[in-house]
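# Structural overview
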Amino acid sequence: QVQLVESGGGLVQPGGSLRLSCAASGFTFSTYGMNWYRQAPGKERELVASITSAGSMTSYADSVKGRFTISRDNRKRAVYLQMNNLQPEDTAVYYCNTQTLGITRWGQGTQVTVSS
């Protein structure tokens, strides 16, 4: 079955960096665009970054442009989110996401906490 498994979250000080990973299985990974979402306490889940199936195009929320980079490795069936210059407002659970056969798929999420 379709599985998305995130990893790489943790506690980091303001200005620090983290790299999130999402391992995908159960579908033809190289033919689907992938997304990273995040959800902070008391807030709605928001789209952070997207990447096309071949990795040729990316897009970002305004709040993370210039700080976050989404990438993918289709041979490893993985998508990544490099997060630099993290700020307290980036604290959230980060989720990997895609749509296969019209069904929205989510991972279990990984917690990112930015605090001094």
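The following paragraphs examine the structure supplied in this document.

Rules of the game
- Residues numbered from 1 in each chain as written.
- Predicted model: local features only at pLDDT ≥ 70, side-chain atom pairs only at ≥ 80, totals over all residues.
- Heavy atoms only, no water.
- Helix = DSSP H or I, 4+ residues; strand = E, 2+ residues; numbered from the N terminus.
- Rg over C-alpha atoms; globule rule 2.2 N^0.38 Å.
- Buried < 20%, exposed > 50% of the residue type's maximum accessible area, 1.4 Å probe, protein only.
- Contact = heavy atoms within 4.5 Å.
- Areas by Shrake-Rupley, 256 points an atom, 1.4 Å probe, with all protein chains shown as cover.

### Some thoughts on the overall build of the protein chain
A count of helices and strands for the protein chain gives zero helices and 11 strands. Listed by position from the N terminus, the elements making up the protein chain come as β-β-β-β-β-β-β-β-β-β-β. Whereas a compact globule of 116 residues would reach a radius of gyration of roughly 13 Å, the protein chain reaches 13 Å, a difference of no more than 12%. Each of the three principal axes of the protein chain carries a C-alpha extent, and together these read 40 × 25 × 20 Å. Taken over 116 residues, the protein chain has a buried fraction of 41%. Partitioning the contacts of the protein chain with sequence separation of at least 6, the portion at a separation of at least 24 is 52%. Carbon and sulfur atoms make up 47% of the accessible area of the protein chain, which totals about 6,100 Å².

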